[in-house]
Each structure stands twice: as C-alpha cells, then as structure tokens.
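So you can see what is in the structure, the chains are spelled out below.
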Amino acid sequence: MAKYVLKTCIVYQRETCELYESEQQWSKAAEMLSGIDLDSGMRVIDDTFILSECIRIVRLYLEDDDAVNAEAFINKASFLISNRQYEMLVLHYKVGYARILDIKRKFLEAALRYYDISQIEKRKIGDE
C-alpha cells in the first residue's frame, strides 16, 4: 500500500511540475519535484530515476539562476553518477555543474568544465 501511495504522489508531483514548466515558473516546478522523497528508505525508486530527477531539478533551478538550490541537487546527483552509465545523464550533469560554477563566478573552473564537455565525442553520446 505504501508503495502505491508513494508512486501516486510522484505522478502527481511530476504532472504539477510540468504545469509550472509550461508557465515558465521554473523555481516552482523545481520545488514541486524536490518535494518527492528521493531519499526514501523504501527502495521503490531506482537510482536512475533519482539521478534523472536530480538533474531535472538542477536544470529548473538554473533557469532562474538559482545556483544555491541547484548546487544542493547537483551534489546529490554526484553520488549517483558514473561515467559507465547513461551518457546523456552524465552530459546533463556536467553541463549543470559547469553552469553552477559559471553563475557562482568561478569562471576558470567553469571554463575547464565547458572545455571538458566540448571534448566529448559525438559518437559517445547515444540516442537516449
């Protein structure tokens, strides 16, 4: 029963997030998604879903130039990321991290991250 309730809440929060996104209310959309208990002790949610939602939250906060909240979720994503899996998620993670550094005015570090991203070969990124 608890798993069903959790999944229902996730569906509701994701749909509400999409409504906020359609209205370009990025921070509200991110807050709605961040309300999903991704750290739940119940392992109903797999790591790939958690990672993709963290990265989505980062992207939403960055739309409003909110590096502080974005950084909290990029740090959460950093524990789940590995270069062996899901190249598109890794790419979005790297772009989000570079943008956070850019907004925080750490230009040298951001430039290094952007350069690293530019060196990724197109064939490495699949159609996910």
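Residues numbered from 1 in each chain as written. Predicted model: local features only at pLDDT ≥ 70, side-chain atom pairs only at ≥ 80, totals over all residues. Heavy atoms only, no water.

## A word on the nonpolar core
The cut-off we apply is this: In these notes, a set of buried Ala, Val, Leu, Ile, Met, Phe, Trp, Tyr and Cys residues joined through side-chain atoms within 4.5 Å is what counts as a nonpolar core. The classification of residues rests on relative accessible area computed with a 1.4 Å probe and restricted to protein chains. Under 20% of the type maximum is buried, over 50% is exposed, and intermediate values are partly exposed. In DSSP terms, a helix is any run of H or I states spanning at least four residues, a strand is any run of E spanning at least two, and both are numbered starting from the N terminus. When checking whether two residues touch, look at their non-hydrogen atoms; a contact exists if any pair is within 4.5 Å.
Residues Val 58, Leu 60 and Ile 100 are the most contacted members of the largest nonpolar core, which totals 29 residues. Counting only elements with at least two residues in this core, the list comes to helix H1 (2-22), helix H2 (26-34), helix H3 (47-63), helix H4 (67-78) and helix H5 (87-103). Examining the composition of this core, we find that 10 residues originate from one element, H3, more than from any other. Filtering out sequence-adjacent residues up to four positions away, Leu 60 remains in contact with Cys 17, Glu 21, Trp 26, Ala 29, Ala 30 and Leu 33.

## Describing unusual backbone geometry
A positive phi is found at Asp 65, a non-glycine position, where the angle reads about 55°. Tracing the backbone through its elements, the reader meets Asp 65 in the loop between H3 and H4. Of note, the phi angle at Arg 105 is positive, near 65°, even though the residue is not glycine. Accessibility expressed as a relative area gives 62% for Arg 105, which makes it exposed.

## Side note on the packing of H5 against helix H6 (residues 107-118)
A pair of packed helices is characterised by two quantities: the angle between their axes and the separation of those axes. Operational definition: Orientation is described by lines fitted to C-alpha atoms, with helices fitted over the stretch in contact, and by angles between N-to-C directions that extend from 0 to 180 degrees. Each angle receives one of four descriptions, namely roughly parallel if under 35 degrees, roughly antiparallel if over 145, roughly perpendicular if within 65 to 115, and oblique otherwise. By convention the crossing between two helices is left-handed if the near helix lies anticlockwise of the far one by an angle smaller than a right angle, and right-handed if it lies clockwise. Residues are grouped as follows: Ala, Val, Leu, Ile, Met, Phe, Trp, Tyr, Cys and Pro are nonpolar; Asp, Glu, Lys and Arg are charged; all remaining types, including Gly, are polar.
Running from N to C, H5 and H6 point in directions that differ by 160°, and their axes come no closer than 8 Å. The angle between H5 and H6 falls in the class roughly antiparallel. At the point where H5 passes H6, the crossing takes the left-handed sense. Each of Leu 91, Lys 94, Val 95, Tyr 97, Ala 98, Arg 99, Leu 101 and Asp 102 in H5 lies in contact with H6, whose residues at this interface are Phe 107, Glu 109, Ala 110, Arg 113, Tyr 114, Asp 116 and Ile 117. Class assignment of the residues belonging to the contact of H5 with H6 gives a composition of nine nonpolar, no polar and six charged.

## Points about the pattern of salt bridges
Any two side chains of opposite charge can pair, on the condition that their charged atoms come close. How we decide: Take a side-chain nitrogen of Lys or Arg and a carboxyl oxygen of Asp or Glu: if they are within 4 Å of each other, that pair is a salt bridge.
What the rule picks out here adds up to four salt bridges. We note a salt bridge from Arg 14 to Glu 53, for which the minimum N-O separation is 3.3 Å. Within this pair, whereas Arg 14 is found in helix H1, its partner Glu 53 is found in helix H3, the two being separated by 39 residues in sequence. Using a relative accessible area of 29% as the deciding quantity, one classes Arg 14 as partly exposed. Its relative accessible area of 3% is what places Glu 53 among the buried residues.

## Notes on the environment of Lys 3
With respect to the secondary-structure elements, Lys 3 resides in helix H1. Lys 3 sits in the exposed class, given a relative accessible area of 54%. Each C-alpha atom, one on Lys 3 and one on Ile 45, is 9.5 Å from the other, the two residues being 42 residues apart in sequence.

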